[in-house]
Amino acid sequence: KSLASLAGAVCVGLLILKLFWETGVVRKSYSLDPLSRGRAVDTHSQQIFLKADFLRARGQWKEAVEEFDSVLKNTPDHIPSLRGKGICLIFLGKLSQARQILEAIHKKKPRDPMVTRGLSQVYLLQSEDPSLITNMLQKAIRLNPEDPILPQTLSRFLEHQTELRD
């Protein structure tokens with residue numbers, strides 16, 4: 001039963017990620033400002049960052065990660081590049097790496113709406129702790145009040161949990 005419930009949760013999570021992308025909410029809400037909340041980068045690194053963000057917005061996750069890594073080589077604590085890389089890793093299915101990056105940012109910036117939203121997706125796909133998933137989704141909803149997908153995600157997750165208990 002636990003393997004079946006895990007498979008069900010992963011399927012629900014993947015469908016939600018697909019919905020996030022198709023509705024354009026991901027592209028809009030994950031727009032990354034190269035000068036926001038992170039150490040400033042030199043002009044060359046800023047150009048690389050903008051290219052990485054463009055690739056991310058087009059769904060070219062692997063290429064975007066390579067470009068974010070180029071920025072991070074020179075400025076390893078550049079929050080927007082770390083955030084962008086973490087989000088791309090989610091879509092590449094590299095959830096453990098994404099989780100590690102996003103949790104590290106979350107410790108420094110617990111009210112970052114993009115990081116919180118990304119973590120809610122990672123937890124939804126990876127965690128077996130329903131309270132962790134629920135709490136992160138609720139926090140993501142508070143920090144992203146304009147996002148119509150997050151409340152639906154929480155509602156579907158809670159319905160799924162109820163079905164598992166029955």
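Residues numbered from 1 in each chain as written. Predicted model: local features only at pLDDT ≥ 70, side-chain atom pairs only at ≥ 80, totals over all residues. Heavy atoms only, no water.

A. Expanded view of the overall build of the protein chain. The number of helices and strands found in the protein chain is nine helices and zero strands. Helices and strands in the protein chain line up, N terminus first, as α-α-α-α-α-α-α-α-α. Taken across its 166 residues, the protein chain has 49% of its residues classed as buried. In the protein chain, once contacts between residues fewer than 6 apart in sequence are set aside, the share between residues at least 24 apart is 58%. Carbon together with sulfur atoms contributes 54% to the accessible area of the protein chain, which is approximately 8,600 Å² in total. (Helix = DSSP H or I, 4+ residues; strand = E, 2+ residues; numbered from the N terminus. Buried < 20%, exposed > 50% of the residue type's maximum accessible area, 1.4 Å probe, protein only. Contact = heavy atoms within 4.5 Å. Areas by Shrake-Rupley, 256 points an atom, 1.4 Å probe, with all protein chains shown as cover.)

B. Structural context of the confidence of the model for the protein chain. Per-residue pLDDT for the protein chain has a mean of 82; in total, 75% of the residues score no lower than 70. Across the protein chain, the secondary-structure element scoring lowest on mean pLDDT is helix 2 (residues 25-29), at 44, and the one scoring highest is helix 6 (residues 95-108), at 96. Note on residues 25-37: pLDDT is under 50 here. Beyond four places in sequence and across chains, it has 50 contacts. (pLDDT = per-residue confidence, 0-100.)

C. Seen up close, the side chain of K85. Along the chain, the position of K85 falls in helix 5 (residues 79-91). The class for K85 is buried, based on a relative accessible area of 18%. Those residues within four positions of K85 in sequence are excluded, and the remaining contacts are V65, F68, D69, L72 and I101.

D. Up close: the packing of helix 8 (residues 130-143) against helix 9 (residues 149-165). Interhelical geometry of helix 8 versus helix 9 gives an angle of 160° and a closest axis separation of 9 Å. When the axes of helix 8 and helix 9 are compared, the pair comes out roughly antiparallel. Crossing of helix 8 over helix 9 shows left-handed handedness. Facing P130, I133, T134, L137, Q138, A140 and I141 of helix 8, the residues of helix 9 in contact are L150, P151, T153, L154, F157, L158 and Q161. Partitioned by chemical class, the residues of the contact of helix 8 with helix 9 number 10 nonpolar, four polar and no charged. (Axes fitted to C-alpha atoms, helices over the stretch in contact; angles between N-to-C directions. Parallel < 35°, antiparallel > 145°, perpendicular 65-115°, else oblique. Left-handed = near helix turned anticlockwise from the far one by under 90°. Nonpolar A, V, L, I, M, F, W, Y, C, P; charged D, E, K, R; others polar.)

E. The arrangement of the environment of A57 in detail. In this fold, A57 is placed in helix 3 (residues 43-57). Along the primary structure A57 and G84 are separated by 27 residues, whereas in three dimensions their C-alpha atoms are 9.9 Å apart.

F. Representation of the packing of aromatic side chains. For the structure on display, the rule yields two aromatic pairs. Where F49 meets F68, the ring centres are 5.8 Å apart and the plane angle is 55°; that geometry is what we call tilted. Of this pair, F49 sits in helix 3 while F68 sits in helix 4 (residues 61-74), and the two are 19 residues apart along the sequence. The burial state of F49 is the same as that of F68; both residues are buried. (Phe/Tyr/Trp six-rings, centres within 6.5 Å; stacked < 30°, edge-to-face > 60°.)

G. Main features of the side chain of T116. Along the chain, T116 turns up in helix 7 (residues 113-126). Ignoring any residue separated from it by four or fewer positions in sequence, one finds T116 in contact with H106, P110, M136, K139, A140 and L143.

H. Just helix 9, in detail. Over its 17 residues, helix 9 extends 25 Å from the first C-alpha to the last, a length consistent with the 24 Å expected when each residue adds 1.5 Å. Along helix 9, the residues classified as buried are I149, L150, T153, L154, F157, H160 and Q161. The buried residues of helix 9 all sit within an arc of 135° when viewed along its axis, so they share a single face. (Expected span 1.5 Å × (residues − 1). Arc of directions from axis to C-beta.)

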